[in-house]
Amino acid sequence: MPSGFVESPFLAATYPSIAITIQKGFIMYKINSNYTKLPGNYLFSTIAKKVSAYKEANPEVDLIRLGIGDVTQPLVPAVIDALHHSVDEMGCAETFHGYAPDLGYAFLRDRLVERVYQPLHAEVSSDEIFISDGAKSDSGNIQELFSVDNTIAVTDPVYPVYIDSNVMGGRCGSFDPSSGKWSDVIYMPCTRENGFVPAFPERTPDVIYLCNPNNPTGTTLNVNQLQDWVDYANRNGCIIIYDAAYEAYITEKDVPHSIYECTGARSCAIEIRSFSKNAGFTGVRLGYTLVPKDIVQDGVSLHDLWARRHGTKFNGAPYIVQRAGEAVYSDEGQRQVREQVAYYMRNAHTIKDSLLDMGYEVYGGVNAPYIWWKTPEDMTSWDFFDYLLTKAHVVGTPGAGFGPSGEGYFRLTAFGSYEDTVSALDRIRRM
Ligand code: MLT
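Residues numbered from 1 in each chain as written. Predicted model: local features only at pLDDT ≥ 70, side-chain atom pairs only at ≥ 80, totals over all residues. Heavy atoms only, no water.

As for the environment of Thr251
Here comes step 1: Note that Thr251 resides in the loop between strand 10 (239–243) and strand 11 (269–274).
Here comes step 2: Remark: the alpha-carbon pair of Thr251 and Ala368, spanning 117 residues in sequence, is separated by 8.6 Å.
Here comes step 3: If we skip the residues at most four places from it in the chain, Thr251 touches Met345, Val366 and Asn367. (Helix = DSSP H or I, 4+ residues; strand = E, 2+ residues; numbered from the N terminus. Contact = heavy atoms within 4.5 Å.)

Observations regarding the site of the ligand
Here comes step 1: In the vicinity of the ligand, the contacting residues are Phe44, Ile68, Gly69, Lys136, Tyr159, Asn215, Lys277, Tyr370 and Arg411.
Here comes step 2: At 2.6 Å, a side-chain N or O of Tyr159 approaches an oxygen atom of the ligand.
Here comes step 3: In this structure, Arg411 approaches the ligand through a side-chain N or O atom, which is 2.7 Å from an oxygen atom.
Here comes step 4: Its residues placed into classes, the shell around the ligand shows four nonpolar, two polar and three charged.
Here comes step 5: Shared between two domains, the shell around the ligand holds at least three residues of each, these being domain 1 (40–74 + 333–429) and domain 2 (77–331). (Near = heavy atom within 4 Å. Polar contact = N/O pair within 3.5 Å; in protein donor to acceptor, adjacent residues only side chain to side chain. Nonpolar A, V, L, I, M, F, W, Y, C, P; charged D, E, K, R; others polar. Domains from an automatic or database assignment.)

Details of the pattern of salt bridges
Here comes step 1: Considering all chains together, one arrives at 17 salt bridges under this definition.
Here comes step 2: As a salt-bridge pair, Glu123 and Arg266 come within 4.0 Å of each other at their nearest N and O atoms. Taken together, the positions of Glu123 in the loop between helix 5 (106–117) and strand 4 (129–132) and Arg266 in the loop between strand 10 and strand 11 put the pair 143 residues apart, joining distant regions of the chain.
Here comes step 3: The exposure class of Glu123 is exposed, given its relative accessible area of 58%.
Here comes step 4: Taken together, the shared-partner salt bridges in this structure form one network comprising Glu123, Glu128, Arg266 and Asp294. (Salt bridge = Lys/Arg side-chain N within 4 Å of Asp/Glu carboxyl O. Buried < 20%, exposed > 50% of the residue type's maximum accessible area, 1.4 Å probe, protein only.)

A word on the domain arrangement of the protein
When the parts of a complex come together, some accessible area is lost, and that lost area is often taken as the interface size.
Here comes step 1: One can read the domain layout of the protein as domain 1 (40–74 + 333–429) and domain 2 (77–331).
Here comes step 2: Computed from C-alpha atoms alone, the centre-to-centre distance between domain 1 and domain 2 is 25 Å.
Here comes step 3: On the side of domain 2, 45 residues touch domain 1, which itself brings 34 residues to the contact.
Here comes step 4: When the area that domain 1 buries against domain 2 is broken down by residue, the three leading residues are Tyr42, Asn367 and Phe402, summing to 22%.
Here comes step 5: Counting across the interface, domain 1 meets domain 2 through one salt bridge.
Here comes step 6: For Arg192, the salt bridge is made with Glu361, and the minimal N-O distance between the two is 2.8 Å.
Here comes step 7: The interface formed by domain 1 and domain 2 holds 18 residue pairs in polar contact (both at pLDDT 80 or more) in total.
Here comes step 8: Among the secondary structure elements, those contributing two or more residues to the side of domain 1 that touches domain 2 are helix 12 (331–357), strand 15 (362–364), strand 16 (370–374) and strand 19 (409–413).
Here comes step 9: The element best represented in the side of domain 1 that touches domain 2 is helix 12, accounting for nine residues.
Here comes step 10: The residue inventory of the side of domain 1 that touches domain 2, partitioned by class, reads 17 nonpolar, 12 polar and five charged. (Buried area = accessible area lost by both parts, 1.4 Å probe.)

Quick look at helix 3 (residues 43–57)
Here comes step 1: Look at helix 3: 22 Å from first C-alpha to last across 15 residues, which is about the 21 Å you get at 1.5 Å a residue.
Here comes step 2: Turning to helix 3, its buried residues number three or more, namely Leu43, Phe44, Ile47, Val51 and Tyr54. Along the axis of helix 3, the buried positions cluster into a sector of 85°, meaning they face one direction only. In helix 3, the exposed positions that point more than 90 degrees away from the buried face belong to Lys49, Glu56 and Ala57.
Here comes step 3: Contact partners of the buried residues in helix 3: strand 3 (64–65), helix 7 (160–168), helix 13 (381–391), strand 17 (394–395), strand 18 (397–398) and strand 19. (Expected span 1.5 Å × (residues − 1). Arc of directions from axis to C-beta.)

Observations concerning the packing of helix 3 against helix 13
Here comes step 1: At their nearest, the axes of helix 3 and helix 13 sit 12 Å apart, and the two run at 35° to each other. Handedness of the helix 3/helix 13 crossing: right-handed. Note on element contacts: helix 13 touches helix 3 through Trp382, Phe385, Asp386, Leu389 and Thr390, opposite Leu43, Thr46, Ile47, Lys50, Val51 and Tyr54. (Axes fitted to C-alpha atoms, helices over the stretch in contact; angles between N-to-C directions. Left-handed = near helix turned anticlockwise from the far one by under 90°.)

Notes on helix 12
Here comes step 1: The end-to-end C-alpha separation of helix 12 is 38 Å, in line with the 39 Å expected for 27 residues at 1.5 Å each.
Here comes step 2: Phi turns positive, to about 95°, at Gly359, one or two residues after helix 12.

Considering the nonpolar core
Here comes step 1: Counting 72 residues, the largest nonpolar core has Val154, Leu355 and Trp373 as its most contacted members.
Here comes step 2: Of the domains in this structure, domain 1 (40–74 + 333–429) and domain 2 (77–331) are the two that each give at least three residues to this core.
Here comes step 3: Excluding anything up to four places from it in sequence, Leu355 contacts Tyr360, Val362, Ile371, Trp373, Leu412, Leu425 and Ile428.
Here comes step 4: Core analysis: the next-biggest nonpolar cluster, separate from the first, contains 49 residues, Leu83, Val116, Ile131 and Ala153 among them. (Core = buried A, V, L, I, M, F, W, Y, C linked by side-chain atoms within 4.5 Å.)

Quick look at the pairing of strand 12 (residues 287–290)
Consecutive side chains of a regular strand alternate in pointing toward one face of the sheet and then the other.
Here comes step 1: The alternating pattern of strand 12 places Gly287 and Thr289 on one face and Tyr288 and Leu290 on the opposite face, and all of these are buried.
Here comes step 2: Of the pairings in the sheet, the one linking strand 4 to strand 12 comprises four bridges and is antiparallel in character. Its bridge partner being in strand 12, Ile129 is matched across the sheet by Leu290.
Here comes step 3: Note that strand 11 and strand 12 share four bridges and pair antiparallel. Residue pairing across strands places Glu271 opposite Leu290, the latter belonging to strand 12. (Pairing = 2+ DSSP bridges.)

Some words on the sheet that holds strand 9 (residues 207–211)
Here comes step 1: Here seven strands make up an open sheet; going across it, the order is 4-12-11-10-9-5-8 and the pairing mixed. Every interior strand has two partners, whereas the edge strands, strand 4 and strand 8 (186–189), have only one. Averaged over all pairs of adjacent strands, the angle between strand axes in this sheet comes to 20°, irrespective of strand direction.
Here comes step 2: The sheet strands contacting helix 5 are strand 4, strand 11 and strand 12, and the helix crosses strand 4 at an angle near 115°.

Notes on the packing of helix 12 against helix 14 (residues 418–430)
Any two packed helices are characterised by how steeply their axes cross, that is the angle between the axes, and by the distance between the axes.
Here comes step 1: Contact pair helix 12 / helix 14: the axes reach a minimum separation of 10 Å and the direction vectors enclose 10°. As far as their axial angle goes, helix 14 and helix 12 are roughly parallel. On helix 14, the residues that touch Tyr343, Arg346, Asn347, Thr350, Ile351, Ser354, Leu355 and Asp357 of helix 12 are Tyr418, Glu419, Thr421, Val422, Leu425, Ile428 and Arg429. (Parallel < 35°, antiparallel > 145°, perpendicular 65-115°, else oblique.)

Okay, here's the thing in structure tokens:
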């Protein structure tokens, strides 16, 4: 080795077949090692890889995909009209739009207040709404507002983004593969034994994630149960991150559409909303986060912090997409998207009723587009994934992918076409 050069243990471990030397005194950059703690891939990427390997080995098989909660029905005409119109505006100097305002266009934020929150008698102002490119980004990014030594609590099973983004932020400790748990995360099991209602944890968390109606279980907290959580948060100085992405699927009167229907929520809750599930925007991208100005900690307003972050890291959802979002909340748009939600809910009822009829145990599917299926004969959820894939050629999502209490369960989505949903159930009946 030439003088002045040394072996790098890191490079030697990474590239064992090549002899690599680096200059003495050379300082290598360091990565955010929190990322290396994440086990495997994001859940839906792992499933996609498994499914494409199966498809490659069995090209003749016609798979029905009821796994990831991605919509299949086209955008409604009111949205398409708004898109066409705003695309034309962008082609004309007088009506062209560049960067959007930091919070999003007032035409959309005002309409959301008028059409979403006023009917619920929820006290919300339009400058508390931050338009974004979707609820997934917001639910992953919101953790940046909180100190690294905060403890998060999640319902278990849980939408993986809440935990994974906190792992990236260095807030979860270490992962124990045998329990499937992170050392510093508080898990609140939601199983058939407790009716899928999380109990207050023994240790008080700082940040509590609630998704209602719930992904993945499809179950709900009613307004009294949610009020208990709001009271708990206010009593204990916690903040609730409330993910209401599936609110359009609520059919029962006592299930809240917004956390701001609860008294006191303005001082402890941030609400995240999506246009993906209520209006089919999964490929268009639009969502928003509502941070009430009443949330103040140590004299600092969380609204101001999120505004600072939004202004620094985000340049706004496209004008044409915000116009499309506005159209979702026009009279015509609402009539059309409600029909679409009803279409998916017909699938949900078909799945639930058929599985019950076959003697299976199933939950969800009443106020949500997800059906939470107890795996038969105590099969593990990944074994059941393989079983369903190979015997019925139906793709679902193994419950264990959502957390340890998801083991023994399996999620089916109602977002397929009606025809595919019916065929999937025929195949399941025959397997
Ligand atoms: C899911 O399948 O859980 C959802 O599609 C995920 C998401 O909305 O990001």
